[in-house]
Amino acid sequence: VQLQASGGGLVQAGGSLGLSCAASGRTFSSYAMGWFRQAPGKEREFVAAISWSDSSTSYADSVKGRFTISRDNAKNTVYLQMNSLKSEDTAVYYCAADSTRLLLVRRRVPASGYWGQGTQVTVSS
């Protein structure tokens, strides 16, 4: 699976931004998809995940109520809509794909999973 993230940019605090992650290579609908982020000097952290069937989602407490993850299996794309952005949301955002249940259950991507290249989100205060 190849993942291509896009949509990052510069936005003012309180604003909104949408990210997309296009997948290719294998059956997209068989993979749970997720978003992680990494701020300078910090470890990569879980943001959100969505199941194969779109019936289950999971969010980090820090983004719950502000971010929404969704997917379109027909377009092989997963989205992250980010609203009410804060300066602490500034990070490089990565999409990930996982064919196991680890991403949804443990909020981690196994060695067998896949990562996109990352897209920068900068929130100015």
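Below is a summary of the structure that appears in this document. (Residues numbered from 1 in each chain as written. Predicted model: local features only at pLDDT ≥ 70, side-chain atom pairs only at ≥ 80, totals over all residues. Heavy atoms only, no water.)

1. Describing the environment of Ala 5
Part 1 of the reasoning: One can find Ala 5 in strand S1 (residues 2-6).
Part 2 of the reasoning: C-alpha separation for the pair Ala 5 and Thr 77, spaced 72 residues apart in sequence, amounts to 9.5 Å.
Part 3 of the reasoning: Not counting the four nearest positions on each side in its chain, Ala 5 is found in contact with Ser 20, Cys 21, Trp 35, Cys 95, Gln 117 and Thr 119. (Helix = DSSP H or I, 4+ residues; strand = E, 2+ residues; numbered from the N terminus. Contact = heavy atoms within 4.5 Å.)

2. Focus: the state of the cysteines
Part 1 of the reasoning: Taken as a whole and assessed by the stated rule, the structure comprises 1 disulfide.
Part 2 of the reasoning: Shown here is the disulfide that connects Cys 21 with Cys 95, its sulfur atoms set 2.1 Å apart. Since a negative S-S torsion denotes a left-handed disulfide, the Cys 21-Cys 95 link at about 55 degrees is right-handed. Here Cys 21 is found in strand S3 (residues 17-24), whereas its partner Cys 95 is found in strand S9 (residues 91-98), with 74 residues between them in sequence.
Part 3 of the reasoning: You can call Cys 95 buried: its relative accessible area is 0%. (Disulfide = S-S within 2.5 Å. Buried < 20%, exposed > 50% of the residue type's maximum accessible area, 1.4 Å probe, protein only.)

3. Section: the packing of aromatic side chains
Part 1 of the reasoning: Counted by the stated rule, this structure contains 3 aromatic pairs.
Part 2 of the reasoning: Both rings, one in Tyr 31 and one in Tyr 114, keep their centres 6.1 Å apart while their planes meet at 70 degrees; by these two values the pair is edge-to-face. Of the two residues, Tyr 31 is situated in the loop between S3 and strand S4 (32-38) and Tyr 114 in strand S10 (residues 114-115); the sequence distance between them amounts to 83 residues.
Part 3 of the reasoning: Given a relative accessible area of 7%, Tyr 31 falls into the buried group.
Part 4 of the reasoning: Taking the centre distance of 5.6 Å and the plane angle of 80 degrees together, the rings of Phe 36 and Phe 46 count as edge-to-face. Highlighted residues: Phe 36 in strand S4 and Phe 46 in strand S5 (residues 45-50), separated in sequence by 10 residues. (Phe/Tyr/Trp six-rings, centres within 6.5 Å; stacked < 30°, edge-to-face > 60°.)

4. Details of empty space enclosed by the protein
Part 1 of the reasoning: Tallying each qualifying case throughout the model produces 1 cavity of 30 Å³ or more.
Part 2 of the reasoning: Roughly 40 Å³ of internal volume is contained in the largest cavity.
Part 3 of the reasoning: The wall of the largest cavity is formed by Val 1, Ala 23, Ser 24, Gly 25, Arg 26, Phe 28, Tyr 31, Met 33 and Ala 97.
Part 4 of the reasoning: Per-class residue counts for the lining of the largest cavity are 6 nonpolar, 2 polar and 1 charged. (1 Å grid on protein atoms, 1.4 Å probe; cavity = no way out; pocket = protein on both sides within 12 Å on 5 of 7 lines; lining within 4 Å. Points joined across faces, edges and corners; volume = space filled by probe spheres on them. Nonpolar A, V, L, I, M, F, W, Y, C, P; charged D, E, K, R; others polar.)

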